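These are the residues of each chain, in order.
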Amino acid sequence: MSKKKTKAIVIMKAARIIILLNIFSLVFYHSVICHYHMPCVFEQSEIMFQDSSNACYSNNDTAHHFTSLIRYNAHSKNGYEAVDFNDETKRYNYIASTANSQYICVGLELSYGYGAPEYLLKVFDKDFKEIAVAFFDSNFSLVFVTCNDDYIYVILNNRTTKQKSLIRYDFLLSTKVLLHESVEANMIVNDDKSSIYVGKDYSIKIGDKKTQLFDDIGDKKIRYLAGLEISLSNNKFDIIYDRTLSSYKTNNKSNHFYKKAFLCDNKILFATYHYVKQKDCGFDYLSSYGTKICICGLKESYLYSYDLITKQLDLIQKFKPGTFLIDYDFDNVEYYYDGNLYVNNDLFGPCLKVKPYEYSNRLAHTNFHELDASIYLRPSFYCGRFYGI
């Protein structure tokens, strides 16, 4: 065989190899790169404070870790903006906040860039003017803060022993009382006329006429208070109260709880929804989003009432696919559906129509993050008005 023929054969074989490699690369690329809908995310939120200019505030809660205090602003992206507590000389990390009818109290971490950070509480009036501040001993870190109209309640963590303690302040932070030296997860501490519920993550809630249940560190299938737990599995509710288990089979396909569930006297008010993950939506809602819902897979929603005394479970209302429940009590329910807002099934008015409308090419095994959402809504209803949508 001549040298020319041999060279031609080598070139042809090389060309075939290159073609095969290109085909393999193309197939591999399309096997791992997917064309996804950008998620459009809802999360239930609740207005905790209104300042003197009528601006409303809420916590930005990400699976039990507050990342910021937010101020509703219709001109901001997604209808809200983060509140900045930094000044020219100090930078603070936000821990948590709480409010009553007159004041808002914010827990902050002051980091100097070296050594242990310093934790403090700041109290502001309705003009958002700072009126009081309290610093904690350097051996303690701030875990959580809540309040009623009388007192501020704080969970502190001893850095050395890891022991959690419950402290009570008046709102001007001038008096302090140690209520419990060593609190445990999922317990009740009684203070005067109030019952202080401690969650499994050491968040706290104050017993009231309408006490919100804890969600189990982002688990959409459990809601609880000390002595009370309701779970959802395989279309069945298991309710434990006073150490007694009652089970109820449902005829619907709901598979997750909404974030808001309330104990009102002897009744539980809670909502569920049916979620179906869509193949063309890259939102991995079980990974890190806790109680957040993507509109892509939101099907029917259901509002329930359960009487702890009679053990009667009642379905109050079933809602159409794509309905997001914003808030509810035993007299009213506010919700979004198909670009409109409703109060008790009466049309309140039009709003942003939430739907997946953007696409993103991503690796098939990667998850979306909060900033990847096309729309990220935290709607609230307060004093006859909707906010954040």
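Residues numbered from 1 in each chain as written. Predicted model: local features only at pLDDT ≥ 70, side-chain atom pairs only at ≥ 80, totals over all residues. Heavy atoms only, no water.

Caption draft 1: The packing of aromatic side chains, seen in detail. Inspection of every chain in the model, using the stated rule, returns 28 aromatic pairs. The interplanar angle of 50 degrees and the centroid separation of 6.0 Å between the aromatic rings of F49 and Y57 together place this pair among those described as tilted. Grouping residues by exposure puts F49 and Y57 together as buried. For the ring pair F85 and F124, a centre distance of 5.9 Å and an interplane angle of 40 degrees mean the geometry is tilted. Here F85, found in the loop between β6 (80-82) and β7 (92-99), pairs with F124, found in strand β9 (residues 118-124); they are 39 residues apart in sequence, far enough to count as distant. Of the two residues, F85 and F124, both sit in the buried class. Members of the aromatic cluster, connected to one another through ring pairs, are F42, Y258, Y273, Y275, F324 and Y336. Lying over the aromatic face of F49, K126 brings its terminal NZ or CZ to 5.0 Å of the ring centre. Lying over the aromatic face of Y224, K200 brings its terminal NZ or CZ to 4.6 Å of the ring centre. (Phe/Tyr/Trp six-rings, centres within 6.5 Å; stacked < 30°, edge-to-face > 60°. Buried < 20%, exposed > 50% of the residue type's maximum accessible area, 1.4 Å probe, protein only. Helix = DSSP H or I, 4+ residues; strand = E, 2+ residues; numbered from the N terminus. Lys NZ or Arg CZ within 6 Å of the ring centre and 35° of its normal.)

Caption draft 2: Structural detail: the layout of surface pockets. When its volume is computed, the largest pocket comes out at roughly 1500 Å³. Taken together, 48 residues line the largest pocket, and the ones lying closest to its centre are E46, I47, M48, T146 and Q212. Among the elements that line the lining of the largest pocket, the one with the most residues is strand β11 (residues 140-147), at four residues. Among the residues making up the lining of the largest pocket, the classes are represented as 16 nonpolar, 17 polar and 15 charged. The volume enclosed by the second largest pocket comes to roughly 290 Å³. Lining the second largest pocket are Y72, N73, A74, N78, G79, L352, L377, R385, F386, Y387, G388 and I389. The greatest single-element share of the lining of the second largest pocket, amounting to three residues, is contributed by strand β36 (residues 385-387). Split by residue class, the lining of the second largest pocket holds seven nonpolar, four polar and one charged. (1 Å grid on protein atoms, 1.4 Å probe; cavity = no way out; pocket = protein on both sides within 12 Å on 5 of 7 lines; lining within 4 Å. Points joined across faces, edges and corners; volume = space filled by probe spheres on them. Nonpolar A, V, L, I, M, F, W, Y, C, P; charged D, E, K, R; others polar.)

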